[in-house]
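Residue strings, one per chain:
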Amino acid sequence: MFTKKCHQFFEQKFGFHKVLLTTSCTDALEMAALLLDLQPGDEVIVPSYTFVSTPNAFVLRGATIVFADSNAENPNLNATTLESLVTPRTRAIVPVHYAGIACDMDAIRAVADRHNLTVVEDAAQAIDSYYKGSPLGSLGELAAFSFHETKNIISGEGGMLAINDARFAQRAEIIREKGTNRSSFFRGEVDKYGWVDVGSSFLPSDIIAAFLWAQIEQLDTIQERRRTIWQCYAQALAPLREQGVGLPNIPDYATNNGHMFYLVCRSLSERTELINSLKGKNINPVFHYLSLHRSPFYSERHDGRSLPWADHYTDCLVRLPLYYELSEAEQQRVIEAINSFYQHR
Ligand SMILES: *Cc1c(COP(=O)(O)O)cnc(C)c1O
């Protein structure tokens, strides 16, 4: 069973208490929201600069989202101002390790522990990355990973829930298997299985797990190649900082898993010109999230606070091509195109 092999691999390599493969990170987040037993009106703190699945999982359970702003240094949730967002109705904090770079987890854990909140890490981009030596995904009670084709290791669509607080382990199995105790049945712990809770079908087929296993076998090779590409961008483009262009900042407490390399342009118009200029050379850089507190769905529900850093990354961040198969020659072409764009400004 490849599913079991994958579970054991992640539990052993990263020290998670228990792992369950899911059909996506979105599903893993939805399982986390179910495990929290959220009641309508309960509040969950989520960065505005993230993928929609991060807050949507909790909105599905009737929660109110309190959006947090990003750091000036990087798009991660600003932990310094986090505590001011906590109210008596707050239940959880969902830090997103953007680009696989750790959030300030000591500061986040301190706020969570003071107010008895659950931390659910959105570690979708954060496989094999670390905070002060601890694997990302091991620092929250729960953590969600993605194996979507855009991530470091992939299974087309896929994800996993890491459960670090043993209290959630049994119920997580039940929720994942349509609200039944089928997992206990297969371990011989009960003599028949039935409907014991709410749930859904969050488990992938073993064929997906077999695909993922093949990726796991190549994990170190993939990570090394991605980090090499990342370092090459970082070195070649470092001089752009002098012109006021932002490059990824990795705090001392964090590692780099080579998930993503991005630039932060000085303005929206500069970013648009850069993207168009590169597209003219058959290179396809892409911007990323649109602040969710200003989204068509949530803007009317948002409490009205402005979140300037989330908006800044919305307008100015651009991701450069970074994938295992990217050749050195192709990468040089990207670097030259960017340098020539900035030489003429
Ligand atoms: C990719 C991603 C998701 C969604 O992952 P899926 O596996 O596609 O559901 C959620 N959050 C973040 C931060 C992501 O990067």
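Owing to the predicted nature of the structure, the values given are computational and were not obtained by experimental measurement.

Visitor: I'd like to hear about the pairing of strand E4 (residues 90–93), residue by residue, with values.
Guide: Sheet topology places strand E2 (residues 43–47) next to E4; 3 bridges connect them, and they run parallel. Across the sheet, the residue bridging to Val44 is Ala92, located in E4. Alignment of E4 against strand E5 (residues 118–122), held across 2 bridges, turns out to be parallel. Of the residues in E5, the one forming a bridge with Ala92 is Thr118. The β-α-β motif built from E4, the intervening helix H4 (residues 105–115) and the parallel element E5 has right-handed crossover chirality.

Visitor: Lay out the packing of aromatic side chains in plain terms, naming residues and giving numbers.
Guide: By convention here, two paired aromatic rings are described through the distance between centres and the angle between planes. All chains considered together, the criterion is met by 20 aromatic pairs. Taking the centre distance of 6.3 Å and the plane angle of 90° together, the rings of Phe9 and Trp213 count as edge-to-face. Highlighted residues: Phe9 in helix H1 (residues 2–14) and Trp213 in helix H7 (residues 206–217), separated in sequence by 204 residues. Consider the rings of Trp230 and Phe261, whose centres lie 5.2 Å apart with planes at 70°: the pair is edge-to-face. On the criterion of sequence distance, the pair formed by Trp230 in helix H8 (residues 219–237) and Phe261 in the loop between H8 and strand E10 (262–264) is long-range, its members being 31 residues apart.

Visitor: I'd like a description of the site of the ligand, backed by residues and values.
Guide: In the region of the ligand, 15 residues are neighbours, and Thr26, Asp122, Gln125, Ser146 and Lys151 sit closest. Within the backbone of Cys25, an N or O atom sits 2.8 Å from an oxygen atom of the ligand. Separating an oxygen atom of the ligand from a side-chain N or O atom of Gln125 is a distance of 2.8 Å. Its residues placed into classes, the shell around the ligand shows 5 nonpolar, 8 polar and 2 charged.

Visitor: Break down the layout of surface pockets for me, citing the residues and quoting the values.
Guide: Rolling a probe over the atoms, with the probe sized like a water molecule, indicates the empty space that remains. Taken as a whole, the largest pocket spans an internal volume of roughly 990 Å³. Glu149, Thr150, Lys151, His259 and Arg319 are, among the 46 residues lining the largest pocket, the residues nearest its centre. Sorting the residues of the lining of the largest pocket by element identifies helix H2 (25–35), helix H3 (53–59), H8 and helix H11 (328–343) as the ones contributing at least two each. Across the lining of the largest pocket, the residue classes break down as 20 nonpolar, 17 polar and 9 charged. Residue assignment places the lining of the largest pocket across two domains, with domain 1 (2–216) and domain 2 (219–343) each supplying three or more.

Visitor: Provide a residue-level description of the environment of Ser70, including the pertinent values.
Guide: With respect to the helices and strands, the residue Ser70 is situated in the loop between strand E3 (64–68) and E4. Owing to a relative accessible area of 1%, Ser70 belongs among the buried residues under this scheme. If near-sequence neighbours (up to four positions away) are discounted, Ser70 is found in contact with Tyr49, Pro75, Asn76, Asn78, Trp309, Ala310 and Tyr313. At a separation of 2.8 Å, a polar atom in the side chain of Ser70 contacts the main-chain carbonyl oxygen of Pro75.

Visitor: I'd love a proper account of the pairing of E5, names of residues and values included.
Guide: Burial analysis of E5 places 5 of its 5 residues in the buried class, the great majority of the element. Where E5 meets strand E8 (residues 142–146), 3 bridges bridge the pair, whose relative direction is parallel. For Asp122, the partnering residue across the bridge sits in E8 and is Ala144.

Visitor: Kindly report on the side chain of Ser129, identifying the contributing residues and their values.
Guide: Note on placement: Ser129 falls in the loop between E5 and strand E6 (130–131). With a relative accessible area of 1%, Ser129 lands in the buried category. In terms of polar contacts, Ser129 uses its side chain to reach the backbone carbonyl oxygen of Gly100, at 2.7 Å. Setting aside residues up to four positions removed in sequence, Ser129 forms contacts with Gly100, Ser134, Pro135, Leu136, Thr255, Asn256 and Asn257.

Each value, and the rule that gives it
- Residues numbered from 1 in each chain as written.
- Predicted model: local features only at pLDDT ≥ 70, side-chain atom pairs only at ≥ 80, totals over all residues.
- Heavy atoms only, no water.
- Pairing = 2+ DSSP bridges.
- Helix = DSSP H or I, 4+ residues; strand = E, 2+ residues; numbered from the N terminus.
- Right-handed = clockwise from strand over helix to strand, strands pointing away.
- Phe/Tyr/Trp six-rings, centres within 6.5 Å; stacked < 30°, edge-to-face > 60°.
- Near = heavy atom within 4 Å.
- Polar contact = N/O pair within 3.5 Å; in protein donor to acceptor, adjacent residues only side chain to side chain.
- Nonpolar A, V, L, I, M, F, W, Y, C, P; charged D, E, K, R; others polar.
- 1 Å grid on protein atoms, 1.4 Å probe; cavity = no way out; pocket = protein on both sides within 12 Å on 5 of 7 lines; lining within 4 Å.
- Points joined across faces, edges and corners; volume = space filled by probe spheres on them.
- Domains from an automatic or database assignment.
- Buried < 20%, exposed > 50% of the residue type's maximum accessible area, 1.4 Å probe, protein only.
- Contact = heavy atoms within 4.5 Å.

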